[in-house]
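Analysis of the macromolecular model
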Amino acid sequence: MTFKKIASLLVSATMAFSAFAAVASAETKGTLDLTTYEAYTAAEAAELGVEIPDTHGLFLIGLDFADIGPLSYQTSGSGLTAKNYGDKLTAVSIVISDDAVDFVMVDPDNSALAFDTYSGNLATGGLKFEYLDAGVKTAYPTTKGTGVTGTENMVIAYVTAPLGTEVAPKVEYQVTSWGTDGKLAGSAWYEATCAFTLGEAAGGDDEEVLTFAIAEGTIYENGTVWACEIANAVDGLAKLEATFKAGEATKSVITTKLGAWGGVGATEFNIGINTAKAGVVANAIEATITDGAGATATAEAVAN
């Protein structure tokens, strides 16, 4: 069933866009804008059934035109003699020639236009979004009016790509005109500019930065203890360097036996110093952690 569905999409796309071979020196007009609605890490994508490397993300994106108009949809006459006419968007081709970018699926329920989308059979790799509707009633826009210069939720789709992938698709579209008599008056092809980056997994930059925090400590009869929290340590923690302070006196400790702490999310642990062994009552701490990728973070706190 899946194979038949994919095959039918490829056939319809090939037939629909054979006309693109005839497009030459099209005028550049308008832009294609990207909206990233959701971005998932590799681990989050796996929960959704999409397996990608840790260096990749799964993105729910929206693609919309701006400044391509004016488009219109109007009616002349009334009753049985009414004629539909206007300038309508009848074809779109968006080709991403980067085999690092892959197609997962289009969201047909939320996409305003019926796009066929496929990947894997382009000579340069990547994926292709295609739309064709040459009906005076059904081509975009379908709401009566004039002065339409863009689209809203034109196509919404899931794609995968390495984090930070810069994409510059080749974008072509056709505007077809119908006269007030409802007859075809002509059509023109255009190219739109487009460049964007599929760069961040869910949570943005903060989720990718190693963080370290130490809460105010507590002085007990036999020692001092501080509660600590780390987040986003790549490949676990490699080293912890702590300096305990008691007035002018200090005691430094370095350990590399930390196990596999770290990863996305927070890990809590305590740091303490034995008063009897140290010979002083520690009332402050400064500590630095280093993760497996070499990133460092420093924190300090007092104790009462």
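The structure displayed is predicted, hence computed values, not measured ones.

**A closer look at the nonpolar core**
Across soluble globular proteins, nonpolar side chains have a tendency to be buried as a group. Counting residues in hydrophobic clusters, the biggest one holds 35 residues, and the most contacted among them are F65, L89, F129 and Y173. Within the residue set of this core, elements represented by two or more residues are β1 (27–40), β2 (56–66), β4 (83–96), β7 (127–132), β9 (155–162), β11 (170–178), β12 (184–193) and β13 (196–198). The residues contacting F65, other than those within four sequence positions of it, are T31, L32, L89, V92, G150, T151, M154, V171, Y173 and A192. With 23 residues, the next largest nonpolar core counts L237, L240, F269 and I289 among its residues.

**Looking at the sheet that holds strand β17 (residues 237–246)**
Through backbone hydrogen bonds, the strands of a sheet pair up, either in parallel or in antiparallel fashion. Taken in spatial order, the four strands of this open sheet run β18-β17-β20-β21, and their pairing is antiparallel. In this open sheet, the two strands that pair with only one neighbour each are β18 (249–255) and β21 (296–302). Across the sheet, the mean angle from the axis of one strand to that of its neighbour is 15°, orientation sign disregarded. Relative to strand β20 (residues 284–291), β17 runs antiparallel, the two sharing eight bridges. Residue pairing in the sheet places F244 in a bridge with I285 of β20.

**A few points about the environment of A91**
Within the element layout of this structure, A91 appears in strand β4. Taking the C-alpha atoms as reference points, A91 and V175, 84 residues apart in sequence, are found 7.4 Å from one another.

**Digging into the confidence of the model for the protein chain**
Per-residue confidence for the protein chain averages 83 on the pLDDT scale, and 85% of its residues sit at or above 70. Here residues 1–22 is a poorly scored stretch, pLDDT under 50, and it has 20 contacts once near neighbours within four places are set aside; other chains count. With pLDDT under 50 throughout, residues 201–206 is counted as low confidence; its partners more than four residues away or in other chains account for twelve contacts.

**Things to note about the pattern of salt bridges**
Scanning the model with the defined rule gives four salt bridges in all. Across the pair K170 and E191 runs a salt bridge whose closest N-O atoms are separated by 3.3 Å. Taken as a pair, K170 in strand β11 and E191 in strand β12 lie far apart in primary sequence, 21 residues in all. One salt bridge in this structure joins E241 and K239, with 3.9 Å as the shortest N-O distance.

**Considering the pairing of β12**
Across a regular strand the side chains alternate sides, sitting on one face of the sheet and then on the other. Bridge count between β1 and β12: three bridges; the pairing is parallel. The residue bridging T31 from the neighbouring strand is T193, located in β12. In this antiparallel pair of consecutive strands, β11 and β12, the connection spans five residues, and G182 shows a positive phi of 80°.

**What about the environment of V209?**
Within the fold, V209 resides in the loop between β13 and β14 (211–214). By relative accessible area, which is 46% here, V209 ends up partly exposed. Sequence separation between V209 and A233 is 24 residues; the distance between their C-alpha atoms is 8.0 Å. Residues contacting V209, with those up to four places away along its chain left out, are A231 and N232.

**Some points on the packing of aromatic side chains**
Overall, the coordinates contain four aromatic pairs when judged by the stated rule. Taken together, a centroid distance of 5.3 Å and an interplanar angle of 25° make the contact between Y173 and Y190 stacked. Remark: Y190 occurs in strand β12 and Y173 occurs in strand β11; sequence separation between them is 17 residues. The same class applies to Y173 as to Y190, namely buried. On the numbers, 5.8 Å between centres and 40° between planes, the contact of W226 with F244 is tilted. Taken together, the residues W226 in strand β16 (residues 223–233) and F244 in strand β17 connect sequence positions 18 residues apart. Both residues of the pair, W226 and F244, count as buried. Taken together, F65, Y173 and Y190 form an aromatic cluster joined through their ring pairs.

Rules behind the numbers
Residues numbered from 1 in each chain as written. Predicted model: local features only at pLDDT ≥ 70, side-chain atom pairs only at ≥ 80, totals over all residues. Heavy atoms only, no water. Core = buried A, V, L, I, M, F, W, Y, C linked by side-chain atoms within 4.5 Å. Buried < 20%, exposed > 50% of the residue type's maximum accessible area, 1.4 Å probe, protein only. Helix = DSSP H or I, 4+ residues; strand = E, 2+ residues; numbered from the N terminus. Contact = heavy atoms within 4.5 Å. Pairing = 2+ DSSP bridges. Axes fitted to C-alpha atoms, helices over the stretch in contact; angles between N-to-C directions. pLDDT = per-residue confidence, 0-100. Salt bridge = Lys/Arg side-chain N within 4 Å of Asp/Glu carboxyl O. Phe/Tyr/Trp six-rings, centres within 6.5 Å; stacked < 30°, edge-to-face > 60°.

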